[in-house]
Structures are given as C-alpha cells and as structure tokens.
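Here is how the chains run, residue by residue.
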Amino acid sequence: MVKNYKNLGAAAAIILLLLALPIFMGNYNVYLLSKILILALFAVAFNILLGFTGLLSFGHALFFSGAAYTVAICLTECSLPVWASLILAVLAVLVLSAVTGFLSLRHKDIHFALITLSLSMLFWGVVMKWRSVTGGEDGITGIPRMMSLHQYYYLILPIVIISLFAIYKILHSNFGLLLESIRENETRVSFSGHSVVKYRMYAMMLSAFFTGIAGILYLFLDGCIDPTVSHWTFSAVPVIASLIGGPAFFSGPMFGILIYVLALEIITKYTLFWQLILGIVILVVVLFFRGGIVGSLKMLRRGE
Amino acid sequence: MASFRIENITKAFGKFTALNQVSTELDEDLISAIIGPNGAGKTTLVNVCTGMFPPDSGGLFFDSRNVTKQPSHKRVQLGIARTFQIVNIFPELTVRENIRVPLLYARHKTEVEEAADALLDTYGLARFRDTRAVNISHGDQKLLEMAMAIAVAPKVLFLDEPTAGVGMEEKEKIIETVQRFKGKNMITAIIEHDMETVFRIADRIIVMNEGEVIAQGSPEEIKSNAFVRKIYLKEEV
Ligand SMILES: Nc1ncnc2c1ncn2[C@@H]1O[C@H](COP(=O)(O)OP(=O)(O)OP(=O)(O)O)[C@@H](O)[C@H]1O
Ligand SMILES: [Mg+2]
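Keep in mind that this is a model prediction, so the values were computed, not measured. (Residues numbered from 1 in each chain as written. Chains lettered and ligands numbered in written order. Predicted model: local features only at pLDDT ≥ 70, side-chain atom pairs only at ≥ 80, totals over all residues. Heavy atoms only, no water.)

Draft legend 1. Fine view of the interface of chain B and chain A. Taken together, the contact pairs 25 residues of chain B with 17 residues of chain A. Considering only the side of chain B, the residues that lose the most area to chain A are His-73, Phe-90 and Leu-104 of chain B, jointly responsible for 28% of the buried surface there. There are one salt bridge connecting chain B and chain A. Taking the shortest distance from any N to any O, the salt bridge between Arg-188 of chain A and Glu-145 of chain B comes out at 2.7 Å. Taken together, chain B and chain A are joined by nine residue pairs in polar contact (both at pLDDT 80 or more). The set of elements that each furnish at least two residues to the side of chain B that touches chain A consists of α2 (72-78), α3 (95-106) and α5 (138-151) of chain B. Per-element tally for the side of chain B that touches chain A: the top contributor is α3 of chain B, with six residues. (Contact = heavy atoms within 4.5 Å. Buried area = accessible area lost by both parts, 1.4 Å probe. Salt bridge = Lys/Arg side-chain N within 4 Å of Asp/Glu carboxyl O. Polar contact = N/O pair within 3.5 Å; in protein donor to acceptor, adjacent residues only side chain to side chain. Helix = DSSP H or I, 4+ residues; strand = E, 2+ residues; numbered from the N terminus.)

Listed below in structure tokens is the structure:
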C-alpha cells in the first residue's frame, strides 16, 4: 500500500513536470519532449510482449508505421476526414497484428522474433516499392497538424498518459497475470485450463493497438512519414529501450527511451560514431546492470 | 461410475517404442498406482493421457467421451489435470499468484481470491503466499503444484512422482493429501517408485515394463507377481 502511494506520488510529480516544462521551452525542445512521450508509449506497448508475456517481437515497426501510413494515405490519397482515417488505421493495426499473431502463435524465442521481423520487412518492402500510394523512399508529406507544436504537445500528453494508465491497469489485472504466467511457463498455463494461443493473440493485438496510437501521434508530430519508421532498425528502438530500462518493470521502457533519445541527441552532436557509442552503452547495461536501470535502482534502494 | 479408459495406446519416439499397445482402465474413487523401472514408459503414458503429445494409435476415453485428440487445456476443462515429475510451476510468480492462475479458469472471478487463500491454508503454504515460488523448498513446490492441479477441480488427476526428492516430513504430508482424494468422486493415478508408499495408498496397481503393461490388479495380486518380486522386492524367483 505504502509503495503504491509512493508510485502514485512519483507519477503525479512527473505529470506536473510534463505539464509545466513546455512553458519554458522553445519549439525544438517541445518537439523533442513530444517525441520522447510518443516513443515511451511505443516502448511500453512493445514491452507488453517482451517483459510481460515473454515474447521478443522484432517487428513492431510494422504496427507503428502501419497505423501511420494508413492515416497518411487516407488523408492525402483518399481525402478522407481525420476521424475516418483514424478508425481505418486502428482496423488496419488490428488486422496486421491478428495476421502476425496467427503466423507466430506456436513459436517462441528466436523463431518468434524472426517471424515478426520477416513480416515487418515484408511491409517495408511494400512501402518502398508501391510508390504510387506510399511515395516510396520519399514517403508522404503535407500531413496537416492543424495546431501549433505547443498545442499539439498538450494533445499528446493526455493521450499518452491515458494509454499508459490503461496498459498499467491491464497488466495488473487477472488478464495481466495470465500473460505473466505465459512468460513463466506455457505448459502450466495449458494445464491450468487456459488456451495459451488465445491469450498470446490478445497480447499481440493489445500491444499492436497502443503501438499504432504511438505511430499516429508521431505522424502528426512530423507532418510527414517515410520508410525509416518501417525499417527493422526502428523495430530495434523499443527493444533497446526495454533492455536499457529493464523489461521486467512497467516503467523500464520509459526510462530506457528517455536515456536513448537524450543520449542520441548528445552523442550525435559530438561524434559521427554514435552507433558505436550507443552499442557500447547497451553492452554495458546488459552486462553490468541486469534488470536495466529500473532494476538496478530498485536493488540500490533495497541496499543489495 | 466415471472411468478413464486407455485403449491400445502406442507411442514411438523415432525407432524407439515407448508405449506398446497399452490398455487399462482407471476407476472413480480408487487410487491407481503406476509402477515400473526407469524408462518403463510411465511418464510417457501420463503425457499421452493429458495431451502433451498425441499417441501414434489407440484411444483415450473419459466417461465414454473420446478425448484422444483434445489439446491439453481442453482436457483440463473436461476435468483431467496433472502434476509433473519435474516441478512445473511459475517460478518468478508468488505462491499465491501461482494458485490464482488455475483458479482464474476454474472459478468465477469473485471467488478466486477466497479460493486461493483456502487452498494455501489446506496445503500449508499460507506463510509463503507472497514469496516467489523459486524461493520455497522443493517439497513445498511439489505441494504447490498439487494444489494448482487440484484448483481446477479435476475429476481425473495424474500425479507423476509427487514425493520424488522431498524430505520425510513433506513426503508424509503429500501422501496424506493424496489419500484425501479418495471418496471425492475422483479418479487418481499416481506414479510412485517407493513400494512401501505404493502398498500403503494404492487400491489398484498397474505394472509397466519396456512400454508395456505386464500386470495389473489389486495390491495382493501384484505382491505375488513374479516380475514385481524380482524387480522391487529384490527376491530371487
Ligand atoms: N520426448 C521424448 N523423446 C524421445 N524419447 C523419449 C521422450 N520421452 C520419453 N522418451 C523415452 O521413452 C522411454 C520411457 O520414458 P518415460 O519418461 O516414460 O519413463 P518412466 O517410466 O517415466 O521412467 P522414470 O521412472 O525414469 O521417470 C525412455 O527410454 C525415454 O528415454
Ligand atoms: Mg517418469
């Protein structure tokens, strides 16, 4: 109980900070903060599978960019209204995740990772080649944001917070316990009378749904989209963030993204070898801070 | 009377025949012990009965319903549960969470919490409720797994060596628990190596060797069986 109040207090403090910060910030930093919020939602949604269900997806760019491209195409090519584009994007994500879920249901570990990777690469291929619709390598530009960056930030913030809260609630419900038990021991879940396949499917669609929301928010932030967000290297972003922050913890991927984005900002200013440095950082965290940043902090607090 | 019928089950792994035309019947309110030397096919038989993998041929019937092709979670829903020879629980979840998982299937969600506490009490695990399951003793893990199997309110329960590798005191607790299943309209099958225990709790004994059932009957009948005497009672015949 006491712990819960502490967590609640910390969450309230962070939310207040996030509400206040843009007042003192210029456009660039508000953009950066928006990006962190969106990617944090992306990483937490991804971690429903990795940390809580025990499935390493290496293809989440598919859902992120799938939703974003759907909205972009609906708005520009089809001139649909925003609300219709959003509904179609959600449907698209649910279909994509159902197909991915179906093809990967009975596979685990590296096989699961490779199936998700392959499907997302397939999508990337389509995006690159289907120029008439997706704009190929150039992507789609001119997506209207319809408001200032600051205003948009204050639209993103509640959406991200509500989404994170919803994910938190779901993961701490009976359904969440079933996902964790799948991570722990699929055989015992079956012998407890539950269909593993069914719950894995739900987890996949849930994760994809919130990833799609992040993708759509990202689209309007930039006002354009190109295939980099469909590429497998973009699928690696939530993987890296979860490993840095600690996949066993709900908040792990958020801290991971914060560090990832800020480190990238700083490193790229000073050196062209940012990938090398990022690689070293990840290696150090994975080797010496098992459980990630959040895991290490918790151990410190317990005095271990 | 409910029964679980095993009919001409054959199962091979590659060229090796682990089960060869195995037939037997498990009856309600009886504790049936499955015995036999290492590698006899006891665990494989339980695996086939509970849906870990399908048999190559033969059939499984519970209350004259053919369950041969049902996946394991469907068999649990019909009332067929099991424990494993090697402890099979959720190691990183707490003891209480372990129990809640099968209860989430078996009970209405308003009853889960209460049922969980009741089971933890019955199995003497209440003081570990918030301990992660990896951190309790092997014997308590065995008990926990039994409690998890019982949580789905099974009509047929397969126990694969529930007392293997546990201390004397815990072993006694497990045996007493098994004995309590009698008279609860349950079909209980237990794989057990210790003959003293077998003769103490079994109403019926099924003897396996090299993938075949070589004898089955009452404890008295089995006691006088030549093969059993040779293997287990170390007698020259
Ligand atoms: N999945 C499998 N793949 C290949 N061979 C297997 C498999 N499962 C069991 N076997 C083989 O089948 C035979 C019977 O194994 P089983 O585990 O059923 O024996 P058991 O009677 O339970 O023995 P124990 O008393 O040692 O537990 C053994 O020779 C074993 O090596
Ligand atoms: Mg065995």
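Next comes the rest of the write-up.
Draft legend 2. Local environment of the site of ligand 1. Residue and element names in this part refer to chain B. Near ligand 1 there are 14 residues, and of these Asn-38, Lys-42, Thr-43, Thr-44 and Gln-85 occur at the shortest range. A distance of 2.8 Å is found between an oxygen atom of ligand 1 and a side-chain nitrogen or oxygen belonging to Asn-38. Between ligand 1 and Lys-42, the relevant distance is 2.8 Å, taken from an oxygen atom to a side-chain nitrogen or oxygen of the residue. Burial of ligand 1 by the surrounding chains reaches 62%, relative to a free accessible area of 630 Å². (Near = heavy atom within 4 Å. Areas by Shrake-Rupley, 256 points an atom, 1.4 Å probe, with all protein chains shown as cover.)

Draft legend 3. Focus on the coordination of the magnesium ion (ligand 2). Residues and elements named next belong to chain B. Looking at the magnesium ion (ligand 2), the protein donor atoms are Thr-43 (OG1) and Gln-85 (OE1), and they sit 1.9 to 2.1 Å from it. Here Thr-43, found in helix α1 (residues 42-50), pairs with Gln-85, found in the loop between β6 (80-82) and α3; they are 42 residues apart in sequence, far enough to count as distant. Accessibility expressed as a relative area gives 23% for Thr-43, which makes it partly exposed. Given the relative accessible area of 34%, Gln-85 is considered partly exposed. (Donors = N, O, S within 2.8 Å, 3.2 Å for Na, K, Ca; no water. Buried < 20%, exposed > 50% of the residue type's maximum accessible area, 1.4 Å probe, protein only.)

Draft legend 4. Local environment of the pattern of salt bridges. Residue and element names in this part refer to chain B. The tally for this structure, following the rule as stated, stands at 16 salt bridges over all chains. Residues Lys-11 and Asp-56 are paired through a salt bridge, measuring 3.9 Å at the closest nitrogen-oxygen approach. Highlighted residues: Lys-11 in strand β1 (residues 3-13) and Asp-56 in the loop between α1 and β4 (57-62), separated in sequence by 45 residues. Classification of Lys-11 as buried rests on a relative accessible area of 10%. The salt bridge involving Asp-194 is made with Lys-171; its shortest N-O contact spans 3.2 Å. Of this pair, Asp-194 sits in the loop between β8 (187-191) and α7 (195-201) while Lys-171 is found in helix α6 (residues 168-180), placing the two residues 23 residues apart along the sequence. One salt-bridge network, held together by shared partners, links Arg-96, Arg-100, Glu-113, Asp-117, Arg-129 and Asp-130.

Draft legend 5. Inspection of the environment of Ile-231 of chain B at higher detail. Here Ile-231 of chain B lies in helix α9 (residues 226-231). Spatially, the C-alpha atom of Ile-231 of chain B lies 47 Å from that of Glu-114 of chain B, the residues being 117 residues apart in sequence.

Draft legend 6. Inspection of the sheet that holds β1 of chain B at higher detail. Residues and elements named next belong to chain B. Overall, antiparallel pairing links the four strands, which are arranged β2-β1-β4-β5 in an open sheet. The open sheet terminates on both sides in strands that have one partner only, identified here as β2 (16-27) and β5 (65-66). Here β1 pairs with β4 via five bridges, running antiparallel. Along β4, the bridge assignment pairs Glu-7 with Gly-59. Where α1 meets the sheet, it contacts β1, β2 and β4, and its direction lies at approximately 115 degrees from that of β1. (Pairing = 2+ DSSP bridges. Axes fitted to C-alpha atoms, helices over the stretch in contact; angles between N-to-C directions.)

Draft legend 7. Representation of the pairing of β4 of chain B within the structure. Residues and elements named next belong to chain B. Both β4 and β5 contribute to a ladder of two bridges, which runs antiparallel. Following the sheet pairing, Phe-61 is matched in β5 by Asn-66. Connecting the antiparallel pair β4 and β5 is a turn made up of two residues, with Asp-63 showing a positive phi of about 55 degrees.

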